[in-house]
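Reading the structure
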Amino acid sequence: MRLHSPWIHALILFAVALPYFINLGASSIWDASEAFYAETPREMLESGDYLAPHFNYAPRTQKPPLVYWIVAASYKVFGVSEFALRLPGALAACGILLFCYGIGRSLFNPRAALFAAIMAGTTARIFILARRRPIDIFLILFLTGTLFFLVRALRGGGTRGWVLAYLFAALGFLAPGAAAEAAS
């Protein structure tokens, strides 16, 4: 079995990503922080007001609404549940793995790409953020995406790479997590 086969890489990446999706709705909401990201999008759906986030029907202006919109979209598709709350975080973690793989492949080789994705995917902090703090995992996703598209643009990706790098950087500003809180 050849480790550098694209099919083997896909299988390994699938195996690394799989734990992010196991038992997403099995546990209840654990802490006040997760409750903010669960209740605010639910209230958006209930009120129809998607521009001014509310928590317990009081304005919640500390965070921009992007992550609330993402969770609200998940609620629309899957219903309001712990699973629907945590699914976007699991998908964001998969995006991080793919961007790490892409960066490693662009800068080094497929083997380095695979190891970069495995290291990111097996990092406990990323796993915890994907399950409990959707705002933080999306910040990491957008920053990793920005880096991926910057690498592509600098390696001759043309205008499209630059546009996507700027887009992901802008999305990163709309999803501030712990890093943004520490800076303020």
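Keep in mind it's a predicted model, so treat the numbers as computed, not measured. (Residues numbered from 1 in each chain as written. Predicted model: local features only at pLDDT ≥ 70, side-chain atom pairs only at ≥ 80, totals over all residues. Heavy atoms only, no water.)

Turning our attention to the pattern of salt bridges. Following the criterion strictly, the structure yields two salt bridges and no others. Across the salt bridge formed by glutamate 39 and arginine 42, the nearest N and O atoms sit 2.7 Å from each other. With glutamate 39 and arginine 42 both in helix H2 (residues 32–47) and three residues apart, this pair spans about one turn of that helix. Exposure remark for arginine 42: the relative accessible area of 22% places this residue in the partly exposed category. What you see here is one network of salt bridges that share partners, running through Glu39, Arg42 and Glu46. (Salt bridge = Lys/Arg side-chain N within 4 Å of Asp/Glu carboxyl O. Helix = DSSP H or I, 4+ residues; strand = E, 2+ residues; numbered from the N terminus. Buried < 20%, exposed > 50% of the residue type's maximum accessible area, 1.4 Å probe, protein only.)

Turning to the packing of helix H3 (residues 66–78) against helix H4 (residues 82–107), a few remarks are in order. In the contact formed by H3 and H4, the axes pass within 8 Å of each other and the chain directions differ by 130°. Classified by the interaxial angle, the pair formed by H3 and H4 is oblique. Where H3 crosses over H4, the handedness of that crossing is right-handed. Of H4, the residues touching H3 (which contributes Ile70, Val71, Ser74, Tyr75 and Phe78) are Phe83, Ala84, Leu85, Leu87 and Pro88. Among the residues forming the contact of H3 with H4, the class breakdown is nine nonpolar, one polar and no charged. (Axes fitted to C-alpha atoms, helices over the stretch in contact; angles between N-to-C directions. Parallel < 35°, antiparallel > 145°, perpendicular 65-115°, else oblique. Left-handed = near helix turned anticlockwise from the far one by under 90°. Contact = heavy atoms within 4.5 Å. Nonpolar A, V, L, I, M, F, W, Y, C, P; charged D, E, K, R; others polar.)

Excluding glycine, a negative phi dihedral is what most residues carry, and trans is how most peptide bonds are arranged. Non-glycine residue asparagine 23 carries a positive phi angle of around 55°. Examined against the element boundaries, asparagine 23 turns out to sit in the loop between helix H1 (6–17) and H2.

Ranked by internal contacts, the top residues of the largest apolar core, which has 39 residues, are Ile126, Ile137, Phe138, Leu141, Phe142 and Phe149. Put simply, the parts of the chain that give this core at least two residues each are H1, H2, H3, H4, helix H6 (124–132) and helix H7 (134–173). A per-element tally of this core places H4 first, with twelve residues. Within the second largest apolar cluster, five residues are counted, among which are Leu13, Tyr101, Leu114 and Ala117. (Core = buried A, V, L, I, M, F, W, Y, C linked by side-chain atoms within 4.5 Å.)

This part covers the packing of aromatic side chains. Going through the model one piece at a time under the given rule, you end up with ten aromatic pairs. With 5.5 Å between their ring centres and 85° between their planes, phenylalanine 99 and phenylalanine 168 make a pair best called edge-to-face. With phenylalanine 99 in helix H4 and phenylalanine 168 in helix H7, this pair connects stretches of sequence that are 69 residues apart. Plain terms: the ring middles of phenylalanine 148 and phenylalanine 149 are 4.9 Å apart, the flat faces sit at 75° to each other, and that makes the pair edge-to-face. Note on accessibility: phenylalanine 148 and phenylalanine 149 belong to one class, buried. (Phe/Tyr/Trp six-rings, centres within 6.5 Å; stacked < 30°, edge-to-face > 60°.)

To continue, consider the confidence of the model for the protein. In this model, the protein carries a mean pLDDT of 87, and residues with pLDDT of at least 70 account for 91%. When pLDDT is averaged over each element of the protein, H4 comes out on top at 95 and helix H8 (residues 178–183) at the bottom at 46. Note on residues 178–184: pLDDT under 50 across the span, and four contacts to partners over four residues away in sequence or across chains. (pLDDT = per-residue confidence, 0-100.)

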